[in-house]
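Listed below are the residues making up each chain.
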Amino acid sequence: MMLKRPLIRALALRQAAQYSVDINKNVLESLQRGGISRVAFVRHGQTGPKQGSDFDRQLTVEGRRQVETARKSYMDSLQPIYSRAMVSPAPRTMETVRILLEGYPHVDIREVPVIYDATMQPEGSKLFKQLGYAPLRDYIEHEDTDVRSTARDVLFGYASNVFNTLPDHLTDREEGSTLLIIGHAIYLPSLTYTLAGQLGSEALDAVLDCNTQEAEGYLLDLSNGKVNTLKRSQV
């Protein structure tokens, strides 16, 4: 028997509430006031092995190629792009956004420390060492109760912190625009899942099961909660 749409929406809301934390209602209101219709969450390109601090990691030659391919693959589909992009200040994300925004001189790149800083909590670093690059579901539905609980606290606490900075950056109204957020690996799906959950999205399972690849990400439609993946063309 097929479920009716209102019931599907209710189940989606219940699932989102089960995992995520509430975000300030001002976040959704600020997106609406900014005329933003979609939010794009994009991971940086490939980096080399860690040498020194994690923060200082740089894109490799392959990473730059990935981002250039991404720009050609999906950036046109994101137009019009909101005039402020929110970006982790780490060099790898800053270089990623500069490559993506070649040809978009109207976009001001805003360094938002919390997009990076919250990833370096001791608990978050320990989780990542244990589970690595894996779908969000592997973290928040882990068989170990302690791991599962810590993952939910870290990832959804991170999402709440990031989203609560949004109203400070969305000061102009640009009707029908796409807000660009550039960040890191497992933390991007937690952002997508949290915001989609607030909208009662029916695409939460797809976000949970997607392993975010380099220079790829998610596009969330705020009008209906639909989530599409942003993919690089394979060349």
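Our subject is the structure listed above.
Residues numbered from 1 in each chain as written. Predicted model: local features only at pLDDT ≥ 70, side-chain atom pairs only at ≥ 80, totals over all residues. Heavy atoms only, no water.

Caption draft 1: Expanded view of the pairing of strand β2 (residues 84–87). Side chains Arg-84 and Met-86 of β2 all project onto a buried face; the interleaved residues Ala-85 and Val-87 project onto the opposite face, where all are buried too. Pairing analysis gives four bridges linking β2 to strand β3 (residues 108–111), with the strands arranged parallel. Within β3, the position partnered with Met-86 by the bridge is Arg-110. Crossover connection from β2 via helix α4 (residues 91–100) to parallel β3: handedness right-handed. Of the pairings in the sheet, the one linking β2 to strand β4 (residues 177–183) comprises two bridges and is parallel in character. By the bridge assignment, Val-87 is partnered in β4 with Ile-182. (Buried < 20%, exposed > 50% of the residue type's maximum accessible area, 1.4 Å probe, protein only. Helix = DSSP H or I, 4+ residues; strand = E, 2+ residues; numbered from the N terminus. Pairing = 2+ DSSP bridges. Right-handed = clockwise from strand over helix to strand, strands pointing away.)

Caption draft 2: Representation of the sheet that holds β2 within the structure. Here we have six strands laid out as an open sheet, ordered β3-β2-β4-β1-β5-β6, and mixed in their pairing. At either end of the open sheet lies a strand with only one pairing partner, and these are β3 and β6 (227–230). On average, each strand axis in the sheet is inclined to that of its neighbour by 25°, with strand direction left out of account. Relative to β4, α4 is tilted by about 150°, and along the sheet it contacts β1 (36–43), β2, β3 and β4. (Axes fitted to C-alpha atoms, helices over the stretch in contact; angles between N-to-C directions. Contact = heavy atoms within 4.5 Å.)

Caption draft 3: How the structure looks around the pattern of salt bridges. Applying the stated rule across the entire model yields 12 salt bridges. Residue Arg-64 is joined to Glu-95 by a salt bridge in which the shortest nitrogen-to-oxygen separation is 2.5 Å. On the criterion of sequence distance, the pair formed by Arg-64 in helix α3 (residues 61–75) and Glu-95 in helix α4 is long-range, its members being 31 residues apart. For Arg-64, a relative accessible area of 31% gives the class partly exposed. Arg-173 is the salt-bridge partner of Glu-175, the closest N and O atoms lying 2.7 Å from each other. You'll find Glu-175 and Arg-173 in the same group, each marked exposed. Where salt bridges share partners, they join Arg-137, Glu-141, Asp-205 and Asp-209 into one cluster. (Salt bridge = Lys/Arg side-chain N within 4 Å of Asp/Glu carboxyl O.)

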